[in-house]
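Topology and contacts: notes
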There are 2 protein chains.
Amino acid sequence: MRVLALLDGTIADPQAPLFRADDLGVMRGDGIFETILIADRKPRELGPHLDRLEHSAALLQLRLPERAAWERAVRAVIDNWPWDTDPQMAVKLVCTRGVEGDDNPNGFAMGMQIEADTLRKRSEGVAAVTLERGYAPDLMERAPWLLLSAKTLSYAVNMAAMREAAARGADEVIFTATDGSVLEGPTSTVVLAQGHTLLTTPPSLGILKGTTQGALFRAAEKAGWQTRVTKFPASALFESDGVWLASSVRLMTQVRSIDGIEIKADADLHAEIDRLYESNY
Amino acid sequence: MRVLALLDGTIADPQAPLFRADDLGVMRGDGIFETILIADRKPRELGPHLDRLEHSAALLQLRLPERAAWERAVRAVIDNWPWDTDPQMAVKLVCTRGVEGDDNPNGFAMGMQIEADTLRKRSEGVAAVTLERGYAPDLMERAPWLLLSAKTLSYAVNMAAMREAAARGADEVIFTATDGSVLEGPTSTVVLAQGHTLLTTPPSLGILKGTTQGALFRAAEKAGWQTRVTKFPASALFESDGVWLASSVRLMTQVRSIDGIEIKADADLHAEIDRLYESNY
């Protein structure tokens, strides 16, 4: 099931072609995106997602259509979704640079069914592998042209990393920097629990600012947990009370093993983390 | 001027949409491409370009349509190009992974006019800047999921690097590895001349195998030049008798300055390099 809305709020046929062959989004992966969970007709973290879309656009020097247009398109998808059969869905916002020389970015919002496999991972947890990302932890600040904190359409490496995980019998990837510190997943943010402290990697290491992780941390702070945004080595993954991959659609997915080694993955703690996140809504 | 051919050899309207919004080429930059010069109706280095397309497909585990389909599409573009007004053009071959789950890659060949700015750079030379690529020179072999030798549609970083060059008042970029050795340009291969020796960077450092550089080196060897494929530091750019950026469309573009410093850019040597390359055809 897919529902496609254009930025003027009109609904289009998702099976009909929308992009010219020479759109720079097609030819160069030159564009940005966000994926947002809609549960019970309500978008989660729409504001932070649109903030990050604007951050990505600024890094790519992309003229982004106005915020109201994105909100309108999301609304159109929600209004046209078959909620009776699917109480949750993901909306993907995409903006490409358009055809070279036209300065006319192309955007859309597409509502997509959440796959059974995703829901299964949410409830059962995942096996992850660590893979080198090849970047130094201080690279982002001195090399902004590498777009390390932008959510661009150039995701071929992220997809290849997921295939590498599958080839190793795992579901997910945790990228590491050249000094061995933990970065992020190809489509998720890494969160650790150590006692009543939650940890995550700082965006200054060249990763995306996590919207779901951000929501969890705000809820955790209200509930009396400590939160730390700090660099940590891959060894910390094995020494914590729990590891999660936070993403908009998969929410807090518990990691059960890393590089074939089982790690602590307590069901009660997972339920508590889930409740914390949900307490925002 | 654009001429669009599909892989069955039919001609399509380049201004009409061709890709669905949920094609993985659009959503994830998940696909590959090649750009080929067609001069006087003849494709240059078509074999090496199709070889590299197959290499890229293998790295992405992408089921590539058969070679004959690409040759047919290139032929259709050539047959429909207005040669009387444009004696040279570039054909871009693109193959995306298609819609998720369909296992049905989408490809096309598009003939495109060579821009006046490109022709000007070919004849006048360019100013280049060196920019960090952030990768170690030995990364490719141990981290194939980074797709370092694949020509993928995920080119947002290459485009951002070109904008960075423009912001610094330059035309082109020469990427360097973490150890300061020279990698490649965002859309070109770096070639140095030292006496009657031509040098270029080995693909094992995580760069694309250059098709134009390859053609030049074959011609140079026939003409009695030495060629070396070897790692060299950025300092060698300043100490050579000439530096060129080799690319299919721009051919051998002479570099006149690097990071604002003028380098040796002899007109006679440039003419000789150009003649060497052209002696293949």
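Everything numeric in this text was worked out from a predicted model, so none of it was measured.

**Considering the overall build of chain A**
- In terms of helices and strands, chain A carries nine helices and 14 strands.
- At 19 Å, chain A has a C-alpha radius of gyration in line with the 19 Å of a compact globule built from 281 residues.
- Principal-axis analysis of the C-alpha atoms gives chain A an extent of 50 × 45 × 35 Å.
- Counting all 281 residues of chain A, 62% fall into the buried class.
- Partitioning the intrachain contacts of chain A with sequence separation of at least 6 by distance along the chain shows that 69% fall at a separation of at least 24.
- As displayed, chain A has an accessible area near 10900 Å², and 47% of this comes from carbon and sulfur atoms.
- Positive and negative side-chain charges in chain A, numbering 30 and 39 respectively, have mean positions lying 1 Å apart.

**Thoughts on the pairing of strand β8 (residues 172-176) of chain A**
Residues and elements named next belong to chain A.
- Of all five residues in β8, five are buried; the element is thus mostly enclosed.
- Burial along β8 is two-sided: Glu172, Ile174 and Thr176 facing one way and Val173 and Phe175 facing the other are all buried.
- Inspection of the sheet shows strand β7 (residues 126-132) paired to β8 by five bridges, in the parallel sense. By the bridge assignment, glutamate 132 is partnered in β8 with threonine 176.

**Some thoughts on the sheet that holds strand β3 (residues 31-39) of chain A**
Residue and element names in this part refer to chain A.
- With respect to topology, six strands assemble into an open sheet ordered β2-β1-β6-β5-β3-β4, the strand pairing being antiparallel. Of all the strands in the sheet, just β2 (11-12) and β4 (42-43) have a single pairing partner and so form its edges.
- With eight bridges connecting them, strand β5 (residues 88-96) and strand β6 (residues 106-113) associate as antiparallel partners. Within β6, the position partnered with threonine 96 by the bridge is asparagine 106.

**Points about the packing of helix α7 (residues 211-222) of chain A against helix α9 (residues 267-278) of chain A**
Residues and elements named next belong to chain A.
- Two elements in contact, α7 and α9, have axes whose closest approach is 8 Å; the angle formed by their N-to-C orientations is 95 degrees. Here α9 runs roughly perpendicular to α7, going by the angle between their axes. Residue-level inspection shows Thr212, Ala215, Leu216, Ala219 and Ala220 of α7 in contact with α9, the latter providing Ile273, Leu276 and Tyr277.
- Tallied by class, the residues present in the contact of α7 with α9 amount to seven nonpolar, one polar and no charged.

**Looking at the relation of the copies chain B and chain A**
- The transformation that overlays chain B on chain A combines an axial shift of 0.0 Å with a rotation of 180 degrees, and the residual RMSD is 0.0 Å. Overall, the copies show the geometry of a two-fold rotation axis.
- When you check the interface residues of chain B against chain A, 100% turn up at the interface there too, and the contact is symmetric in its surfaces.

**What about helix α4 (residues 116-124) of chain B?**
All names here are of chain B.
- By the burial criterion, the buried members of α4 are Thr118, Lys121 and Arg122. Down the axis of α4, the smallest arc covering the buried residues is 105 degrees, so these residues share one side. Exposed and oriented more than 90 degrees from the buried face of α4 are Ala116 and Ser123.
- If you follow the buried residues of α4, they end up packed against β3 (31-39), β5 (88-96), β7 (126-132), β13 (251-258) and α9 (267-278).
- Backbone geometry just after α4 places glycine 125 at a positive phi near 85 degrees.

**Re the pairing of strand β11 (residues 226-229) of chain B**
All names here are of chain B.
- Summarising the sheet, strand β10 (residues 197-200) and β11 pair through four bridges and their orientation is parallel. Paired with leucine 199 across the strands is arginine 228, a residue of β11.
- In this fold, the crossover linking β10 to β11 by way of helix α7 (residues 211-222) has right-handed handedness.

**A look at unusual backbone geometry**
Residue and element names in this part refer to chain B.
- Unusually for a residue other than glycine, aspartate 40 sits at a positive phi of about 50 degrees.
- Within the secondary structure, aspartate 40 sits in the loop between β3 and β4 (42-43).
- For aspartate 40, a relative accessible area of 55% gives the class exposed.
- Residue glutamine 61 is not a glycine yet carries a positive backbone phi of 50 degrees.
- When its relative accessible area of 58% is taken as the criterion, glutamine 61 is described as exposed.

**Considerations on the packing of helix α2 (residues 46-60) of chain B against helix α3 (residues 67-79) of chain B**
Residues and elements named next belong to chain B.
- Where α2 contacts α3, the two axes come as close as 11 Å, and the packing angle between them is 130 degrees. As summarised for this structure, α2 and α3 are arranged oblique, according to the angle between their axes. Judged by the sense of rotation from one axis to the other, the crossing of α2 with α3 is right-handed. Together, Leu46, Gly47, Leu50, Asp51, Leu53 and Glu54 of α2 and Arg67, Trp70, Glu71 and Val74 of α3 make up the contact between the two elements.

**Observations concerning the sheet that holds β4(B)**
Residue and element names in this part refer to chain B.
- On the basis of which strands lie adjacent, the open sheet formed by six strands has the order β2-β1-β6-β5-β3-β4 and antiparallel pairing. Edge strands, defined here as strands with exactly one partner in the open sheet, are β2 (11-12) and β4.
- In this structure, strand β1 (residues 2-6) lies alongside strand β6 (residues 106-113), joined through five bridges in antiparallel fashion. Residue valine 3 lies in a different strand from β6, and its bridge partner there is glycine 111.
- Packed onto the sheet, α2 meets β3, β4 and β5 and runs at close to 175 degrees relative to β3.
- In the packing of α3 onto the sheet, the strands contacted are β1, β2, β3, β4, β5 and β6, and the crossing angle to β5 comes to about 145 degrees.

**Considerations on the nonpolar core**
- Counting residues in each nonpolar core, the largest one holds 100 residues, and the members touching the most others are Leu93(A) and Leu93(B).
- In this structure, Leu4(A), Met110(A), Phe19(B) and Leu208(B) belong to the second largest nonpolar core, which totals 28 residues.

**Focus on the pattern of salt bridges**
All names here are of chain A.
- Following the criterion strictly, the structure yields 38 salt bridges over all chains and no others.
- The salt bridge partner of arginine 142 is aspartate 138, with a shortest N-O separation of 3.1 Å.
- Through salt bridges with shared partners, one network takes in Asp117, Arg120, Lys121 and Glu124.

**Comments concerning the environment of Leu53(B)**
All names here are of chain B.
- Looking at the element boundaries, leucine 53 is found in helix α2.
- Exposure remark for leucine 53: the relative accessible area of 0% places this residue in the buried category.
- Sequence spacing of leucine 53 and isoleucine 32 is 21 residues, and the spatial spacing of their C-alpha atoms is 7.0 Å.

Rules behind the numbers
Residues numbered from 1 in each chain as written. Chains lettered and ligands numbered in written order. Predicted model: local features only at pLDDT ≥ 70, side-chain atom pairs only at ≥ 80, totals over all residues. Heavy atoms only, no water. Helix = DSSP H or I, 4+ residues; strand = E, 2+ residues; numbered from the N terminus. Rg over C-alpha atoms; globule rule 2.2 N^0.38 Å. Buried < 20%, exposed > 50% of the residue type's maximum accessible area, 1.4 Å probe, protein only. Contact = heavy atoms within 4.5 Å. Areas by Shrake-Rupley, 256 points an atom, 1.4 Å probe, with all protein chains shown as cover. Lys, Arg positive; Asp, Glu negative; His and termini not counted. Charge placed at Lys NZ, Arg CZ, Asp CG, Glu CD. Pairing = 2+ DSSP bridges. Axes fitted to C-alpha atoms, helices over the stretch in contact; angles between N-to-C directions. Parallel < 35°, antiparallel > 145°, perpendicular 65-115°, else oblique. Nonpolar A, V, L, I, M, F, W, Y, C, P; charged D, E, K, R; others polar. Least-squares fit on C-alpha atoms with pLDDT ≥ 70 in both. Arc of directions from axis to C-beta. Right-handed = clockwise from strand over helix to strand, strands pointing away. Left-handed = near helix turned anticlockwise from the far one by under 90°. Core = buried A, V, L, I, M, F, W, Y, C linked by side-chain atoms within 4.5 Å. Salt bridge = Lys/Arg side-chain N within 4 Å of Asp/Glu carboxyl O.

That is the geometry; function is a separate question.
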